[in-house]
Amino acid sequence: MAVLQSGQAVDADRLQASPKVPFYRVLWIQVLVAMSLAVILGYVNPTRAVAMKPLGDAFIRLITMIVSLIIFCTVVTGIAGMESLKKVGRVGGMALLYFEVVSTIALLIGLAVGNIVHPGSGFNVDVATLDAKSVADYAGQAKAQSVTEFLMHIIPTTVVDGFAKGDILQVVFLALLFGFALAAIGPRGKLLVDLVEALTQTVFAVVNILMKFAPIGAFGAMAYTVGKFGLASLGPLARLIGTFWLTSVLFVFIVLGAIAWAAGFSIFRFLLYIREEILLVLATSSSETAIPTLMSKLEQLGCSKSLVGLVVPTGYTFNTDGTSLYMTMAALFVAQATNTHLTLIQQLTILAVAVLTSKGASGVQGASFIALVATLSVIPTIPVAGMALILGIDRFLSMFRAVVNMIGNGVATLVLARWEGELPHQVLQRTLGPERTLS
């Protein structure tokens, strides 16, 4: 399959031999320049920068409108074309186990950093002075789900309900059913499989078109962020922002880096390989904007369409490493800032609840904040109104949350592909670093 690279479609065979293009036509350079200009505009003329918000919103909407269709088509054709359905179950089970282990590690790291650094110490905030109304809307949406409720939510009310709501997990569930059904009826479903395959190629061609507007979308989103909240707003809460950003970077290079090393590739070269997606997610604060191109690049590396279609979409629900780091650290920040003492049992309770509430808090803006409110609601001693402290800077936190989520899902896909023995060694060695054999 062709993949989006530097704004153009590039075949896997030409990964290293693609023709040289002028630097001003390289997508990641265009996005980086757009973000730089946006920061300048936000600092010089905040009012005009805020007015750029529709540019970012429009681009995010353009991508999200087609994400569900991409996932559905990719999963259906991938499963229908597999020789053994046992592989689907095996990969799915291994993926869920991997997701749970890594995201739990992220939750523990966030909890540990919060206890060591104490980012909220010294604020001595009087809860009565906080603007509880600013959190009211999020509290209304927040609801700690039971396991049963979570599983029931996976099933859409109607066939089109998941597409209408943009619920990735529901779309994956529906695609799995269609894929298994087409695989079961065999040759009789070939016409429909060919039709979905043609639709898949058409949808990715549409993505190629939409990605040409990525620099404009990145400019609008970043200009709004800087113009609305201002660089000065970072001052009072700089300790929390700096702590979270640094923790996110260390998590990527140390934890995900160790996993990548064990799987036989370099995390540094992988990050360079997906640099366009990283910059785009940083600018838009939404990891969903990178789903189409990330899936294409992973397929280009040699991961099968079925594996990518299963791991990446489900990973955006179950493998939210950045969100996990954020939730436990932010919960401790609110407690420390309001001088709320938490016992070890209460902290472990937050950890246990966050394991569930973090699921579903994907790259959509605001989802992680809502999930955190739901988590805090189970510990009555922590004032939910304290979330007003970080509401104003949540956009800056969400930038790194979304990036870590996206990187984590990319690494997970490559690791699972290596475990399945389907990733070509020569491609991985040439593109992402020296080859190693998994023990």
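Residues numbered from 1 in each chain as written. Predicted model: local features only at pLDDT ≥ 70, side-chain atom pairs only at ≥ 80, totals over all residues. Heavy atoms only, no water.

Quick notes on the nonpolar core
Working step 1: Among the nonpolar cores identified, the biggest contains 131 residues, and Tyr326, Ile390 and Ile407 are the most heavily contacted of them.
Working step 2: Broken down by element, this core gets its largest block of residues, 15 residues, from helix H20 (residues 394-419).
Working step 3: The contact partners of Tyr326, leaving out residues within four places of it in the chain, are Phe244, Ser368, Phe369, Leu372, Met387, Ile390, Asp394, Leu397 and Arg401. (Core = buried A, V, L, I, M, F, W, Y, C linked by side-chain atoms within 4.5 Å. Buried < 20%, exposed > 50% of the residue type's maximum accessible area, 1.4 Å probe, protein only. Helix = DSSP H or I, 4+ residues; strand = E, 2+ residues; numbered from the N terminus. Contact = heavy atoms within 4.5 Å.)

Brief notes about helix H3 (residues 53-80)
Working step 1: Relative to the 40 Å expected for 28 residues at 1.5 Å per residue, H3 spans 41 Å between its end C-alpha atoms, a close match to the ideal helical length.
Working step 2: The sharpest bend along H3 measures roughly 30 degrees and falls at Val67. (Expected span 1.5 Å × (residues − 1). Bend = angle between axes of the 7 residues up to and from the residue.)

Here we look at the environment of Ile60
Working step 1: Among the secondary structure elements, Ile60 is positioned in helix H3.
Working step 2: In this structure Ile60 comes out as buried when scored by relative accessible area, which is 13%.
Working step 3: In the structure, Ile60 is positioned 157 residues away from Gly217 in sequence and 7.4 Å away in space, judged by C-alpha atoms.

Structural notes on the packing of aromatic side chains
Working step 1: A complete count under the given rule lists 8 aromatic pairs for this structure.
Working step 2: With a centroid separation of 5.1 Å and an interplanar angle of 25 degrees, the aromatic rings of Phe253 and Phe268 are classed as stacked. Note that Phe253 is positioned in helix H11 (residues 238-263) and Phe268 in helix H12 (residues 267-273), a separation of 15 residues in sequence.
Working step 3: For Phe253, a relative accessible area of 35% translates into the label partly exposed.
Working step 4: An aromatic cluster is built from Phe72, Phe163 and Phe178, whose rings are joined through pairwise contacts.
Working step 5: Across from the ring centre of Tyr273, 5.5 Å away, lies the NZ or CZ of Lys297, which sits over that ring.
Working step 6: Lying across the ring of Tyr326, Arg401 places its NZ or CZ 4.1 Å from the centre. (Phe/Tyr/Trp six-rings, centres within 6.5 Å; stacked < 30°, edge-to-face > 60°. Lys NZ or Arg CZ within 6 Å of the ring centre and 35° of its normal.)

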